[in-house]
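Chain by chain, the residues run as shown.
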Amino acid sequence: MTLRVNVRETLSMILHVDAQRKLVREQLKAAGIADSGVEADLLLAGVLGISRGEVQMRSLLGRELSEMEAREVGAATARRARREPLQHVLGVAPFLDMELAVGPGVFVPRPETESLVTAAVALLGQDPSSSVGQLTGIDVGSGSGAVALGVARAHGRIRMTAIERSSAAWPWLRANVEAFGDGHVDVFFGDAERAFSVVPPGSLDLVVSNPPYVPAANRPESREVWRHDPEEALYSGVDGLDFIRELATWSSAALARGGVLIVEHEDSQGAEIRQIFADAGFIDAATRQDLTGRDRLTSAVRSASGEGGCDQPTIM
Ligand SMILES: C[S@@+](CC[C@H](N)C(=O)[O-])C[C@H]1O[C@@H](n2cnc3c(N)ncnc32)[C@H](O)[C@@H]1O
């Protein structure tokens, strides 16, 4: 406690950007944060409302902060040093072209999940000049709304519904849909099973989800994850696949012929998920790689007859 007060007080007395950068970096490093240099610049940029490049420039030019800014940097550094996620400290998480509002109670969207959005949009096919009518999709377990919003904005011709059952995540979802939905994203508060129960059979073109998929025994190493990401966002049964099994069944009924189901998952789960999808009546089950080159996405297509099969190897 004494240390924290000292960090804040010390930082609030230092007004040179360069000295602040160094001290913030040292405090974050002492707290065990890996990339403390990058995080120090991101923290300063977030608090000051400028870019990382601008932080570096002000540092080089010997610029100073106001006392108020220095106090805010001190408070933010103390929170980050207690291992609150940087996104919670700053109140925003970058995702595709958006700065999503995040905070306690909502899963922080990860950069890798941008690959889920890109793959979903590619599988739907995208022809902005097409005169074909609007498509319909749902994002199951929407959290901050990152995936629903990303798909709607990138595709341009799909109406998405963001489904979320967590009352802690709900205000963040509402705020982000309001800010970035452009009227193309609806929200549904409640359990996924209840949401699917009101979807007319065969009516959807897309079901996309970054569901809970961590096996019960795999406690994440990162303190930020296990202390600040909600448990219901992470775990789903012994092998982590309980939610995906149910999702496959619900989606099989809700998707139109040719409709796409795509989920994010751990890199070891692709083969099992392809089998789950095939058993639920999907065809063309295939595992894809995320931005980091790991097998993190599996998709499949709703068959005409409901008979599954056709297990494809990983798509590079
Ligand atoms: C891994 S997080 C993903 C959040 C967001 N889609 C993203 O990618 O950042 C999973 C989300 O699913 C929600 N969730 C878990 N089980 C659910 C259920 N049965 N019905 C609706 N939402 C659920 C959690 O509350 C959490 O927000």
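Note that the structure is predicted; figures quoted are calculated from it, not measured.

A. Just the packing of aromatic side chains, in detail. A full pass over the atoms with the stated rule returns four aromatic pairs. Between the aromatic rings of Phe-243 and Trp-250, the centroid separation amounts to 6.2 Å while the plane-to-plane angle is 85°, which identifies the pairing as edge-to-face. Note on Trp-250: relative accessible area 14%, which makes it buried. Through successive ring pairs, a cluster of aromatic residues spans Phe-196, Phe-243 and Trp-250.

B. Molecular detail of the nonpolar core. Ranked by internal contacts, the top residues of the largest apolar core, which has 31 residues, are Val-140, Phe-196, Val-207, Leu-247, Leu-261 and Phe-277. Secondary structure elements with two or more residues in this core: β3 (135-140), α10 (192-197), β6 (204-209), α13 (242-254), β7 (255-264), α14 (270-279) and β8 (282-289). Here this core gets six residues from one element, more than from any other, and that element is α13. One finds Phe-95, Ala-119, Ala-152 and Ile-158 within the second-largest nonpolar core, a separate group that totals 29 residues.

C. Representation of the sheet that holds β7 within the structure. Ordered by their spatial adjacency, seven strands build an open sheet running β5-β4-β3-β6-β7-β9-β8, and the pairing between neighbours is mixed. Each edge of the open sheet carries a strand with a single partner, namely β5 (185-189) and β8. The average angle at which neighbouring strand axes cross in this sheet is 20°, direction not considered. Across the face of the sheet, helix α7 (residues 114-124) comes into contact with β3, β4 (158-164), β6, β7, β8 and β9 (295-302) while running at roughly 165° to β7.

D. The arrangement of the site of the ligand in detail. As a matter of local geometry, the ligand sits amid 19 residues, with Gly-141, Glu-164, Asp-191, Ala-192 and Asn-210 nearest to it. The contact in question runs from a nitrogen atom of the ligand to an N or O atom on the backbone of Gly-141, over 2.9 Å. A distance of 3.4 Å separates a nitrogen atom of the ligand from a polar atom in the backbone of Ser-142. Summarising the interface, the protein chains cover 97% of the accessible area of the ligand, which totals 600 Å² for the free molecule. Classifying every residue of the shell around the ligand gives eight nonpolar, seven polar and four charged.

How each quantity is defined
Residues numbered from 1 in each chain as written. Predicted model: local features only at pLDDT ≥ 70, side-chain atom pairs only at ≥ 80, totals over all residues. Heavy atoms only, no water. Phe/Tyr/Trp six-rings, centres within 6.5 Å; stacked < 30°, edge-to-face > 60°. Buried < 20%, exposed > 50% of the residue type's maximum accessible area, 1.4 Å probe, protein only. Core = buried A, V, L, I, M, F, W, Y, C linked by side-chain atoms within 4.5 Å. Helix = DSSP H or I, 4+ residues; strand = E, 2+ residues; numbered from the N terminus. Pairing = 2+ DSSP bridges. Axes fitted to C-alpha atoms, helices over the stretch in contact; angles between N-to-C directions. Contact = heavy atoms within 4.5 Å. Near = heavy atom within 4 Å. Polar contact = N/O pair within 3.5 Å; in protein donor to acceptor, adjacent residues only side chain to side chain. Areas by Shrake-Rupley, 256 points an atom, 1.4 Å probe, with all protein chains shown as cover. Nonpolar A, V, L, I, M, F, W, Y, C, P; charged D, E, K, R; others polar.

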